[in-house]
Amino acid sequence: MREFTLIRARSPEQAVQALATYPEARLMAGGTTLYDLMKLGVERPPAIVDINAIEELRAFDTSGARELVFGSLARMSDVAADPRLVKDYPALSESLWRAASQQLRNMASLGGNVLQRTRCAYFRGGEPFACNKRLPGSGCAALDGIDRGHALLGTSPSCIATYPGDFAVALVAFDAVLDVLGPNGVRSIPVEALHRLPGDRPDLETTLAPGEIITRIRVPVTPLGRASTYHKIRDRESYAFALSSAAVALTMDGKRVAQARIALGGVATKPWRARLAAQGLAGRELTIETALAAGFAAFADARAGHHNAFRIELGARTVADALMIAAQRTSI
């Protein structure tokens, strides 16, 4: 048994104060990632700050004319079932429904889901496997190991671990923003800027400053939401992480693409926005051929390892299929 201090925060300010008092503390919301990593010995925090009593972080509101607002403690299953998301932003709803199991979705928070850590087996396995994310400077066992599920985009000689989440990929496609609170007050961060590329310090995973907590997630209202989808390919139908996924949103001018958004999941070290691939579709008629060309364009910078090269074509076809699904929704 490992002893730790438990603090129950009643407000965001109390949570920030607790993190200042215990700099190595971890926040606990649903606990669906933290418990797992503590049992594995990857996380060994001296203190845990339980934020579940902060009611103001549970609320979410999708009725706004300018933005959708989600408290960081809102549960995945509650948000996924929201009628406006299901109708007007299916990519957001689907990214939540297609994650984890129903039991986990009932517990997991949006903020915790966005911050979940990699499923890399070398990171989670502990010694004797080297992992720069777990122990900086120790090396990366995945580089010469089994890398079937590892990243193709955004990698470095220090780390090829894949970001495992789904919701953040859809948020990136919709230019979502996080509001955070810390010792220096409130600031906002684009979701796309939250996760760092590994570089030579893969242990530094986000751009959150010490002591900061996510309080809200804001998504701009956009007509792109209606014709959108989150398409996820995995080894089994449920409770599995993506081999490749794509969050896609479109507006159409007849049979031609007026505007497109493409974000990739399961294939990169962070949620990956494929801007050039989306821009290449503008003004073109959307056919399976142009959709597939956009898919391969999204993977133009992909770097395969020993066992994951098949996921380049799989990823390109995932994007193409997502585009065709989204296009069908323009007439709904």
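Since this is a predicted model, take the numbers as computed values, not measurements. (Residues numbered from 1 in each chain as written. Predicted model: local features only at pLDDT ≥ 70, side-chain atom pairs only at ≥ 80, totals over all residues. Heavy atoms only, no water.)

Along its length, the protein chain carries 12 helices and 12 strands. Relative to a compact globule of 332 residues, whose C-alpha radius of gyration would be 20 Å, the protein chain shows 20 Å and is just as compact. Across the 332 residues that make up the protein chain, the buried fraction comes to 55%. Long-range contacts, defined as pairs at least 24 residues apart, comprise 63% of the intrachain contacts of the protein chain with a sequence gap of at least 6. As displayed, the protein chain has an accessible area near 15100 Å², and 52% of this comes from carbon and sulfur atoms. On the protein chain, the mean spot of the 39 positive side-chain charges and the mean spot of the 33 negative ones are 1 Å from each other. (Helix = DSSP H or I, 4+ residues; strand = E, 2+ residues; numbered from the N terminus. Rg over C-alpha atoms; globule rule 2.2 N^0.38 Å. Buried < 20%, exposed > 50% of the residue type's maximum accessible area, 1.4 Å probe, protein only. Contact = heavy atoms within 4.5 Å. Areas by Shrake-Rupley, 256 points an atom, 1.4 Å probe, with all protein chains shown as cover. Lys, Arg positive; Asp, Glu negative; His and termini not counted. Charge placed at Lys NZ, Arg CZ, Asp CG, Glu CD.)

Pairing between side chains becomes possible if they bear opposite charge and their charged atoms approach one another. Taken as a whole, this structure holds 22 salt bridges when the rule is applied. Between lysine 232 and aspartate 166 there is a salt bridge whose closest N-O contact spans 2.9 Å. Of this pair, lysine 232 sits in strand β9 (residues 228–233) while aspartate 166 is found in the loop between α8 (121–125) and α9 (167–173), placing the two residues 66 residues apart along the sequence. For lysine 232, a relative accessible area of 10% corresponds to the buried category. Its salt-bridge partner being arginine 261, residue aspartate 175 comes within 3.5 Å of it at the nearest N-O pair. Note that aspartate 175 is positioned in the loop between α9 and β6 (177–182) and arginine 261 in strand β11 (residues 256–265), a separation of 86 residues in sequence. Assessed through its relative accessible area of 11%, arginine 261 is described here as buried. What you see here is one network of salt bridges that share partners, running through Arg26, Glu43, Arg117, Lys133 and Glu205. (Salt bridge = Lys/Arg side-chain N within 4 Å of Asp/Glu carboxyl O.)

Our focus in this paragraph is the UniProt feature "domain: FAD-binding PCMH-type" (unreviewed entry) in the protein chain. When the UniProt feature table is mapped onto this chain, "domain: FAD-binding PCMH-type" (unreviewed entry) is found at residues 1–224. Its end C-alpha atoms 50 Å apart, residues 1–224 is made of 26% helix and 17% strand. (UniProt positions renumbered as here; feature names shortened; annotations may be inferred.)

We now examine the domain arrangement of the protein chain. The domains assigned to the protein chain are domain 1 (5–53) and domain 2 (228–329). Just the C-alpha atoms count here: the centres of domain 1 and domain 2 sit 36 Å apart. (Domains from an automatic or database assignment.)

With that settled, consider the packing of aromatic side chains. The full count for this structure, using the stated rule, is three aromatic pairs. Aromatic pair phenylalanine 60 and phenylalanine 70: ring centres 6.2 Å apart, planes at 25 degrees, arrangement stacked. Placement of phenylalanine 60 in strand β4 (residues 60–61) and of phenylalanine 70 in strand β5 (residues 67–71) is noted, with a sequence separation of 10 residues between them. The exposure class assigned to phenylalanine 60 is partly exposed, which follows from its relative accessible area of 29%. Centroid distance tyrosine 122 to phenylalanine 129: 5.3 Å. Interplanar angle 80 degrees. Geometry classified as edge-to-face. Given the relative accessible area of 13%, tyrosine 122 is considered buried. (Phe/Tyr/Trp six-rings, centres within 6.5 Å; stacked < 30°, edge-to-face > 60°.)

Moving on, we get to the sheet that holds β6. On the basis of which strands lie adjacent, the open sheet formed by five strands has the order β4-β5-β8-β6-β7 and antiparallel pairing. Strands with a single pairing partner mark the edges of an open sheet, and in this sheet they are β4 and β7 (185–190). In the sheet, β4 pairs with β5 via two bridges, with the strands oriented antiparallel. Paired with phenylalanine 60 across the bridge in β5 is phenylalanine 70. (Pairing = 2+ DSSP bridges.)

Pairing is parallel in the open sheet, where three strands are placed in the order β1-β3-β2. Sheet topology places β1 (5–8) and β2 (26–28) at the edges, where each strand pairs with a single neighbour. Neighbour to neighbour, the strand axes of the sheet diverge by 25 degrees on average, direction disregarded. Two elements, β2 and strand β3 (residues 47–50), share three bridges in a ladder whose sense is parallel. (Axes fitted to C-alpha atoms, helices over the stretch in contact; angles between N-to-C directions.)

Mapped onto the elements of the fold, glycine 30 is located in the loop between β2 and α2 (34–40). Taking the C-alpha atoms as reference, glycine 30 lies 33 Å from proline 157; in sequence the two are 127 residues apart. For glycine 30, the residues in contact, after removing those within four places along its chain, are Tyr35, Asn52, Arg75, Met107 and Ser109.

In contact at an axis separation of 7 Å, helix α11 (residues 288–298) and helix α12 (residues 310–328) are set at 135 degrees when each is read in the N-to-C sense. Between α11 and α12, the angle is such that the two are oblique. In terms of crossing hand, the pair formed by α11 and α12 is right-handed. Touching Ile288, Ala291, Leu292, Ala294, Gly295 and Phe296 of α11 are Glu313, Ala316, Arg317, Val319, Ala320, Leu323 and Met324, all from α12. Split into classes, the residues belonging to the contact of α11 with α12 amount to 10 nonpolar, one polar and two charged. (Parallel < 35°, antiparallel > 145°, perpendicular 65-115°, else oblique. Left-handed = near helix turned anticlockwise from the far one by under 90°. Nonpolar A, V, L, I, M, F, W, Y, C, P; charged D, E, K, R; others polar.)

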